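Listed here are the chains, written in short residue letters.
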Amino acid sequence: MEYISLGATAQQIPKIGFGTWQYRGGAGVLKRAAELGAGFVDTAEAYGTEPIVGREIAGFRDDMFVATKVSASNLRYDDVIEHAEASLRRLQVSVIDLYQVHWPNPDIPIAETMRAMETLVAEGKVRFIGVSNFSPDQMKETQDSLKANPLAANQVRYSLFAREIEDDVLPYCQENDITVIAYTPIARGDFDSPGGGLREIAAEIGATPAQVMLSWVISHEGVMAIPKTDSVERVDEAVESVDIKLSADLKERLL
Ligand SMILES: NC(=O)c1ccc[n+]([C@@H]2O[C@H](COP(=O)([O-])OP(=O)(O)OC[C@H]3O[C@@H](n4cnc5c(N)ncnc54)[C@H](OP(=O)(O)O)[C@@H]3O)[C@@H](O)[C@H]2O)c1
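Counting from 1, residues in each chain are numbered in the order their sequence is written. The predicted origin of the model limits local features to residues at a pLDDT of at least 70 and limits the giving and counting of side-chain atom pairs to 80 or more, whereas totals for whole chains, interfaces and linings rest on all residues. Side-chain metrics in this entry use all non-hydrogen atoms of the structure; hydrogen atoms and water are not considered.

Structural notes on a negative patch on the surface
Move 1: Only residues above 30% relative accessible area that lack a salt bridge enter a patch, with like-charged residues linked at up to 9 Å and the nonpolar side chains Val, Leu, Ile, Met, Phe, Trp and Tyr linked at up to 5 Å. Accessible surface area values rest on a Shrake-Rupley calculation with a 1.4 Å probe, where residue burial reflects the displayed protein chains alone. Here, a salt bridge means any Lys or Arg side-chain nitrogen found within 4 Å of an Asp or Glu carboxyl oxygen. Charge assignment: positive for Lys and Arg, negative for Asp and Glu; neither His nor the chain ends contribute. For the purpose of locating charges, the reference atoms are NZ of Lys, CZ of Arg, CG of Asp and CD of Glu. A cluster of acidic residues, D137, E141, E164, D167 and D168, forms a negative patch at the surface.
Move 2: Only protein chains enter the accessibility calculation, which uses a 1.4 Å probe. A residue is then buried if its area is under 20% of the maximum for its type, exposed if over 50%, and partly exposed in between. D167 gets classed as exposed once you look at its relative accessible area, which sits at 67%.

Describing unusual backbone geometry
Move 1: Look at Q92: it is not a glycine, yet its phi comes out positive at around 55 degrees.
Move 2: Secondary structure counts use DSSP, requiring at least four H or I residues in a row for a helix and at least two E residues in a row for a strand, with both numbered from the N terminus. Structurally, the position occupied by Q92 is in the loop between helix 3 (77–91) and strand 6 (96–101).
Move 3: You will see that R188, though not glycine, has its phi angle at about 55 degrees, which is positive.
Move 4: As for its placement among the helices and strands, R188 is situated in the loop between strand 9 (179–183) and helix 7 (198–204).
Move 5: R188 gets classed as exposed once you look at its relative accessible area, which sits at 56%.

Regarding the site of the ligand
Move 1: The cutoff for a nearby residue is simple: one of its non-hydrogen atoms must lie within 4 Å of the molecule or strand. In the vicinity of the ligand, 27 residues are found, and the nearest of them are D42, R188, K228, T229 and R234.
Move 2: Side-chain polar atom of T184 to an oxygen atom of the ligand: 3.0 Å apart, as the coordinates give it.
Move 3: Each polar contact in these results corresponds to two N or O atoms within 3.5 Å; when the atoms are within protein, one needs to be able to donate a hydrogen and the other to accept it, and residues that are neighboring in sequence are counted only if both atoms are side-chain atoms. For the ligand, an oxygen atom lies 2.7 Å from a polar atom in the side chain of R234.
Move 4: In isolation the ligand has 910 Å² of accessible area, and contact with the protein removes 85% of it.
Move 5: The way it works is a 1 Å grid over only the protein atoms, where trapped points that fit a 1.4 Å probe form a cavity and open points with protein on both sides within 12 Å along at least five of seven lines form a pocket, and then any residue with an atom within 4 Å of a point lines it. Put plainly, a molecule is in a cavity or pocket when over half of its atoms are within 2 Å of the grid points there. In this structure, the ligand is accommodated by the largest pocket.
Move 6: Each residue receives one of three labels: charged for Asp, Glu, Lys and Arg, nonpolar for Ala, Val, Leu, Ile, Met, Phe, Trp, Tyr, Cys and Pro, and polar for the others, Gly being one of them. Here the residues of the shell around the ligand sort into eleven nonpolar, nine polar and seven charged.

Have a look at this one:
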């Protein structure tokens, strides 16, 4: 596995972690991820998967970096505190490694939300603060609201077939030392892009389409990816993508 720093913090995180939206669990996926050095799990109060994640990682919690999210409807100060505590209970952990605002909410000042986030950090219930689906302006406002902590990450959709963040979100994150956590990095397993070519290129280099997609995403500076899978074999497949280095020529052909 390869690692990057989480934003401007000293925390190392793997370039491949695992998402849990619609995760069923039970197959040993997270255990295998930890064994391979990819002990990073992403969940959210909205997914309903925090209890499964909590049960599965109970025996090896120290080998996992646990990221979860507070929903956009719960961003008032008291709500953030209350919902973080509920997530801690469901996850059966004493601290959330990365607590993320799931979506921006224009009706609640981000400064109020960040005040709660910093209280959680000061109380030792959260280690790092993140956001998700935030624009550069929203990230700037978030950074300006934070007093004692950096904005560590922005979780956004990014794949070979969804490159919108390249316009402004990705450059902003790279310039400001904010890690991009790429969600839906393998386009939910739909490998037939409008441009085509992915399957052919994957076959040419002896890789799978998912591996080419993951390798492409994490080849960008400051970006890690969180594919979701229920299958242990696919954990190995995803982790092996770190060893695939796409040449400039291949990258050109993929676009
Ligand atoms: N912050 C947000 O707003 C937001 C939004 C969406 C997602 N997310 C996060 O990002 C994670 C990943 O995104 P996602 O679940 O939307 O999509 P994804 O990871 O791109 O795709 C997951 C789908 O691809 C399949 N798959 C996994 N590995 C594969 C492989 N090697 N070959 C073929 N198919 C494969 C999975 O099926 P199997 O399970 O059967 O393997 C699953 O159906 C989520 O779980 C969630 O944690 C965050």
